[in-house]
Amino acid sequence: NVGSQWALEQAKYNLVNEYMLVGVTEELEDFVMMLEAALPRFFRGATELYKTGKKSHLRRTSEKKPPTKESIAKLQQSAIWKMENEFYEFALEQFQFVRAHAVREKDGELYMLAQNFFYEKIYPKN
């Protein structure tokens, strides 16, 4: 059922137990870099292609109009939005934990660690 606590907990469980890595759109470059670090046989060169590819301009919105404060407030009152936001925050926390152990930053650039990819899951609170 939409909006059920069981569905939210099941989604968290599935994220942790059924997927190797789940990224978030606003950190897509880091996600691609982590895929390359974790699965170099399949994703070798993906980070460089992401940064310099001919279609990279498609990832930028030319004109973005933010929603009004009233619209945001109304959405945030919804129980379903609250559950979706809780799931997003959980997924983001999981992603940031994995990223902290897979890449390092130097001079504003992210670099993959050597083939020593570390992966640990964060389990949902019951």
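Our structure is the block above this text.
One structure accompanies this document, and this report is about it. (Residues numbered from 1 in each chain as written. Predicted model: local features only at pLDDT ≥ 70, side-chain atom pairs only at ≥ 80, totals over all residues. Heavy atoms only, no water.)

## A short note on the side chain of Glu27
You can see Glu27 is positioned in the loop between helix H1 (5–18) and helix H2 (28–38). In contact with Glu27, other than residues within four places in its own chain, are Leu92, Phe95, Gln96 and Arg99. (Helix = DSSP H or I, 4+ residues; strand = E, 2+ residues; numbered from the N terminus. Contact = heavy atoms within 4.5 Å.)

## Observations regarding the side chain of Glu36
Mapped onto the fold, Glu36 is located in helix H2. Buried charge without a partner: Glu36 forms no salt bridge, and the closest opposite charge is Arg44, 6.2 Å away. Within the structure, Glu36 has its side chain in polar contact with the backbone nitrogen of Gly45 (distance 2.9 Å). (Buried < 20%, exposed > 50% of the residue type's maximum accessible area, 1.4 Å probe, protein only. Lys, Arg positive; Asp, Glu negative; His and termini not counted. Salt bridge = Lys/Arg side-chain N within 4 Å of Asp/Glu carboxyl O. Polar contact = N/O pair within 3.5 Å; in protein donor to acceptor, adjacent residues only side chain to side chain.)

## Side note on the pattern of salt bridges
Under the defined criterion, the tally for this structure stands at six salt bridges. Note that Glu9 is salt-bridged to Lys12, the shortest N-O span being 3.9 Å. Of the two residues, Glu9 and Lys12 both sit in helix H1, three residues apart, roughly one turn of that helix. According to the relative accessible area criterion, Glu9 is partly exposed, its value standing at 22%. With relative accessibility at 6%, the residue Lys12 sits in the buried group. Residue Glu63 pairs with Lys65 through a salt bridge whose shortest N-O separation is 3.6 Å. Judged by relative accessible area, which is 57%, Glu63 ranks as exposed.

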